[in-house]
2 protein chains.
Amino acid sequence: MADKIIPDIVVGRLPIYLRALQRMLAENRHVTSSQELGERLGISAAQIRKDLSQFGEFGKQGTGYSIDYLAEQIRHILKVDQVWDIAVVGAGDIGSAVARYQGFANRGMQVKQIYDSDPAKVGTDVGSFKVKDIADIESEIKKDGIKVAMIATPSDHAQEVADQLVSAGVMAILNYAPINLNVPENVRVQYIDPVIHLQRMTYYL
Amino acid sequence: MADKIIPDIVVGRLPIYLRALQRMLAENRHVTSSQELGERLGISAAQIRKDLSQFGEFGKQGTGYSIDYLAEQIRHILKVDQVWDIAVVGAGDIGSAVARYQGFANRGMQVKQIYDSDPAKVGTDVGSFKVKDIADIESEIKKDGIKVAMIATPSDHAQEVADQLVSAGVMAILNYAPINLNVPENVRVQYIDPVIHLQRMTYYL
DNA sequence: TAGATTGTTAATCGATTAACAATC
DNA sequence: TAGATTGTTAATCGATTAACAATC
């Protein structure tokens, strides 16, 4: 029997819930309610309960949710109760910043490799990583069984890199290059482009 | 008479359309159709036409859209037919990468200032900017009339920084710290957290 | 017990798509 | 003229909210 299909928009909110719960834990809180969580996030309590109910029953009537337990359940649903190795492609400003980023710790992600095509950069250090030659990307990614990658190359190389990642077995790509990628439909892509976010706000100014 | 209210989700797609149009211009294309644009972006042609029709009539039956003209119109709608000065708060890896980012050019944005609280960083150079002392942030932002800012500080300072930005007159904040910000409802906030995007994909792996 | 909050159903609201007359 | 594609309407689809019985 196939699992019920969960709307993508619901899946997309789970990481937001998880981040807020982890923040509450850091504040030494133990219990919360859909109402409190909703107020913090600007989301209705009903929506939070509805979202969570797609996956199971995690709360107690009259009491609310154990923060620790709910966080654990969401981590399991999102498959971040394990650590995913990440390959970063492009060792420029953005690639380097992301490779050194401390924010992956305890959130199910860790950078494992970083690549560049510039011979002057290959072999140099970025944080604790040695920059690898992009010529070796397919074999290296296959060797390590990496499934998640980030593209931080110039736009005009992003599609070519994406093709290589896909043929190396990568199934999830976070793309910092400001361009849309074409990938097979079983490969997921997410985009980060600060200008898109900024332009979305200037409309209202 | 008040303008018709445009759904936020429609406004959010305009920057995506604009980016694709600018890409087509770079490819020396002159005319496109809702169908072609939709195929590139993975959006239905009907939706693109519907979105655009909220703002006016930009196409020609039988022919499609002049890429140059449509891009110009969208830039006008989004108010990026002007250049917005941006203040970057935090001169760590992410703040520095963003301050040096080349991708703002021709997209209506330019970094103008960068701040840090670390005395060892204040006064040093990041790209073509000299890092300013965060103690002066309110007066400096007011002086330059800056309305758009990016937060790239550690999480535990982000809310405090946001409060200062708001009282200095900033109306749009792009937050790289992995934490939700509370701001007055007339101030817009957008979030960039790579982990959120990554966790959204691991669900499907 | 009284109060609080869940999980769920039904109603509402909003967004997307299909279809087509208008027209370039 | 024939073919193509827009702008728009109506139909469909999906997401959000309100309300409440269940129950801790």
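Shown above is the structure to which this text applies.
Residues numbered from 1 in each chain as written. Chains lettered and ligands numbered in written order. Predicted model: local features only at pLDDT ≥ 70, side-chain atom pairs only at ≥ 80, totals over all residues. Heavy atoms only, no water.

## Comments concerning the protein's contact with DNA strand D
Then, in step 1: Taken together, 25 residues sit near DNA strand D, with A:Q47, B:S34, B:R49, B:G59 and B:Y65 positioned nearest.
Then, in step 2: Among the atoms of DNA strand D lying within 4 Å of the protein, the sugar-phosphate backbone contributes 63%.
Then, in step 3: For DNA strand D, a sugar or linking oxygen lies 2.8 Å from a polar atom in the side chain of A:Q47.
Then, in step 4: For the surface near DNA strand D, the elements supplying multiple residues, two or more each, are α1 (8-26) and α3 (45-53) of chain A together with α3 (45-53), β2 (59-60) and β3 (64-66) of chain B.
Then, in step 5: Among the elements that line the surface near DNA strand D, the one with the most residues is α3(A), at four residues.
Then, in step 6: Of the residues that constitute the surface near DNA strand D, the class distribution is five nonpolar, twelve polar and eight charged. (Near = heavy atom within 4 Å. Polar contact = N/O pair within 3.5 Å; in protein donor to acceptor, adjacent residues only side chain to side chain. Helix = DSSP H or I, 4+ residues; strand = E, 2+ residues; numbered from the N terminus. Nonpolar A, V, L, I, M, F, W, Y, C, P; charged D, E, K, R; others polar.)

## Comments concerning the relation of the copies chain B and chain A
Then, in step 1: Its rotation angle being 180°, the transformation that places chain B on chain A also includes 0.0 Å of axial translation and leaves an RMSD of 0.0 Å. Viewed as a symmetry operation, the transformation between the two copies matches a two-fold axis.
Then, in step 2: In this assembly, 100% of the residues forming the interface of chain B have copies in chain A that are likewise at the interface, indicating an isologous arrangement. (Least-squares fit on C-alpha atoms with pLDDT ≥ 70 in both. Contact = heavy atoms within 4.5 Å.)

## What about the protein's contact with DNA strand C?
Then, in step 1: Around DNA strand C sit 25 residues in total, of which A:S34, A:R49, A:G59, A:Y65 and B:Q47 are the nearest.
Then, in step 2: Per the 4 Å cut-off to the protein, sugar and phosphate atoms form 63% of the nearby atoms of DNA strand C.
Then, in step 3: In the model, a sugar or linking oxygen of DNA strand C is placed 3.3 Å from a nitrogen or oxygen of the A:E57 side chain.
Then, in step 4: Elements represented by at least two residues in the surface near DNA strand C include exactly α3, β2 (59-60) and β3 (64-66) of chain A together with α1 (8-26) and α3 of chain B.

## Looking at empty space enclosed by the protein
Then, in step 1: All chains considered together, the criterion is met by one cavity of 30 Å³ or more.
Then, in step 2: For the largest cavity, the calculated volume is near 180 Å³.
Then, in step 3: Lining the largest cavity are 13 residues, and of these A:I94, A:V98, A:Y176, B:I94 and B:Y176 sit closest to its centre.
Then, in step 4: Of all the elements in the fold, those that place two or more residues in the lining of the largest cavity are α5 (93-100) of chain A together with α5 (93-100) of chain B. (1 Å grid on protein atoms, 1.4 Å probe; cavity = no way out; pocket = protein on both sides within 12 Å on 5 of 7 lines; lining within 4 Å. Points joined across faces, edges and corners; volume = space filled by probe spheres on them.)

Take it as geometry only, folks, not as evidence of what the structure does.
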